[in-house]
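Residue-level structural notes
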Amino acid sequence: MAHAVHDHAGVTTLVDDCWNRIGTRGDQSCPQLPTYTRCLNCPVFEQGAAALLDRALSQDDLEAAARAHRDAAPLRAHDQIDAELAVLVFRIADEWLALPATALRQIDEPRAIHSLPHRRNRVVLGLVNIRGALTVAVSLGELLGLDLSRSGKHASRNGYARLLVAAYQDEPAVFPVDEVEGVLRFPASALLPVPSTLTAAATAHARGVLAWRETTIGLLDADRLFDSIARSLR
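Residues numbered from 1 in each chain as written. Predicted model: local features only at pLDDT ≥ 70, side-chain atom pairs only at ≥ 80, totals over all residues. Heavy atoms only, no water.

Here we look at the overall build of the chain
Definition in use: Comment: elements are numbered from the N terminus, with helices defined as DSSP H or I runs of at least four residues and strands as E runs of at least two. Exposure is judged per residue with a 1.4 Å probe applied to protein chains only, and the accessible area is read against the type maximum: over 50% gives exposed, under 20% gives buried, and values in between give partly exposed. Contacts: residue pairs with any heavy atoms within 4.5 Å of one another. Calculation of accessible area relied on Shrake-Rupley with a 1.4 Å probe; when residues are assessed, cover is drawn exclusively from the protein chains displayed.
Summing up its helical and strand segments, the chain has seven helices and twelve strands in all. Within the span of the chain, comprising 234 residues, buried residues form 37% of the whole. Nonlocal contacts in the chain, meaning residues at least 24 apart in sequence, comprise 56% of its contacts between residues at least 6 apart. Carbon and sulfur atoms form 53% of the exposed surface of the chain, whose accessible area is close to 13,700 Å².

Focus on helix α7 (residues 222–232)
To be explicit about the condition: Note that the arc is defined by the directions from the helix axis to the C-beta atoms. Two N or O atoms count as a polar contact when they lie within 3.5 Å, although within protein this holds only if one can serve as hydrogen donor and the other as acceptor, and sequence-adjacent residues are included solely when both atoms are side-chain atoms.
If you check which residues of α7 are buried, you get Ala-222, Leu-225, Phe-226, Ser-228, Ile-229 and Ser-232. End-on view of α7: buried residues confined to an arc of 155°, all on one side of the axis. Its side-chain oxygen 3.0 Å from the backbone nitrogen of Asp-223, Asp-221 forms the N-cap of α7.

Looking at the packing of aromatic side chains
Where we set the bar: When two rings of Phe, Tyr or Trp (its six-membered ring) have centres within 6.5 Å they constitute a pair, described as stacked for plane angles under 30 degrees, edge-to-face for angles over 60, and tilted for the intermediate range.
Counting across every chain of the model gives three aromatic pairs. Here the aromatic rings of Tyr-168 and Phe-226 are separated by 5.9 Å at their centres, their planes lie at 35°, and the arrangement is tilted. Linking Tyr-168 in strand β8 (residues 162–168) with Phe-226 in helix α7, this pair joins segments that are 58 residues apart in sequence. A relative accessible area of 24% means that Tyr-168 is categorised as partly exposed. In this structure Phe-226 comes out as buried when scored by relative accessible area, which is 8%. Pairwise contacts between aromatic rings join Tyr-168, Phe-175 and Phe-226 into one cluster.

Some details on the nonpolar core
Side chains that are nonpolar tend, in soluble globular proteins, to be buried together. Worth spelling out the cut-off: Buried Ala, Val, Leu, Ile, Met, Phe, Trp, Tyr and Cys residues form a nonpolar core when they are joined through side-chain atoms within 4.5 Å.
Phe-90, Leu-140, Phe-175, Leu-225 and Ile-229 are the most contacted members of the largest nonpolar core, which has 24 residues in total. When contributions to this core are tallied by element, the ones reaching two or more residues are β3 (84–92), β4 (95–100), β7 (133–138), α5 (140–144), β8, β9 (171–177) and α7. Once you skip the residues sitting within four places of it in the chain, Leu-225 turns out to touch Leu-99, Leu-140, Leu-143, Phe-175, His-205 and Leu-220. Membership of the second largest hydrophobic core comes to 13 residues, among which are Ala-98, Ala-188, Ile-217 and Leu-219.

Topic: the sheet that holds β3
Applied cut-off: Pairing between strands is defined by DSSP: at least two bridges between them are needed. For helices, the fitted axis covers only the stretch in contact; all axes are lines through C-alpha atoms, and the angles between them, taken along N-to-C directions, range from 0 to 180 degrees.
Sheet architecture is open: five strands sit in the order β10-β3-β4-β12-β11, paired in mixed fashion. Where the open sheet ends on each side, the last strands, each with one partner, are β10 (179–187) and β11 (206–212). Taking each pair of neighbouring strands and ignoring which way they run, the sheet shows an average axis angle of 35°.

Examining the pairing of β11
Of all seven residues in β11, five are buried, a share of seventy percent or more. Pairing of β11 with strand β12 (residues 215–220), which is carried by six bridges, proceeds in the antiparallel orientation. The partner of Leu-210 across the bridge, within β12, is Ile-217. Hairpin connection of β11 to β12: two residues between the antiparallel strands, including Arg-213 at a positive phi of 50°.

Thoughts on empty space enclosed by the protein
Note the threshold: Note on definitions: the grid is 1 Å and covers protein atoms alone; a cavity is a set of points where a 1.4 Å probe fits but cannot get out; a pocket is an open set with protein on both sides within 12 Å along at least five of seven lines; lining residues have an atom within 4 Å of a point. Grid points are joined across faces, edges and corners, and a volume is the space filled by probe spheres set on the points. Amino acids are sorted into nonpolar (Ala, Val, Leu, Ile, Met, Phe, Trp, Tyr, Cys and Pro), charged (Asp, Glu, Lys and Arg) and polar (every other residue, Gly among them).
Scanning the model with the defined rule gives one cavity of 30 Å³ or more in all. Computed from the structure, the largest cavity encloses a volume of approximately 30 Å³. Looking at the largest cavity, the residues that line it are Leu-88, Leu-99, Pro-100, Ala-103, Leu-104 and Ala-166. A breakdown of the residues in the lining of the largest cavity according to their chemical character gives six nonpolar, no polar and no charged.

Structure follows, in C-alpha cells:
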C-alpha cells in the first residue's frame, strides 16, 4: 500500500512501505528477501527512504525537531540508567562498530572514490561525489588500526558493502563499510568499558563496547573520530 506523505508546499509524496507489509517487519513473504537478506539492502527501501528524506519539511516536522532539541539537555546522573543509545551498527572486515545515529546523514551504494595526488596518508582515500558534493572518503579500518585482511567468517556477506555519509559539527565524511546492520537501540547502562584487547588506535576513538548477539560492538566517539579525520587532512 502506498502511503501519502505531505509537505508544507502541498506536494504529496507516495511511498510504498512494503517493508512493513511483506518485508522483515511484515510477514516476510517478499520474493526479494532471499536476495537482499533484509530490507535495508533492497533498492526499493533505498528509493522509499530517499523520497522521504528529500521531501520538504512540514511545520509538524520543524516543531518535532525543536522539541527534540529542547529535550536533549544533559542527563542528570540518576537519569542515565533510563537513557537510550541509538547507534548505527556496521561492519568493517570482522569488526562490528557503531556511530551515534545522530551523526548519520545517509547510506549509499558503493561508488568511485577519486584519489588525491601526492597524498600518502592511507586514512584519507580521496573524494567521492555525494549528490553533487565532493566529500572526503576515509578508511576507518586504517584509522582504527584494524586487520582488514580478516573477513573470512563474513566473506559471504561482503556483497552488502555500503558508503556511510556522516557529519559532525557540519563536517561531512564518507566511510566505506562492508555491511550495515542498521540503527539499534540500547540502554545507556549497557555501554561497557573499552577492553584492553582493542588496538591502541581503536581504544583512543571508542566510547565503549556494547554486547550484541554473540559479539561486541565498538561504539565510536564522534568528537574524537572527526578530530582525527581533520588532522589526517592537514
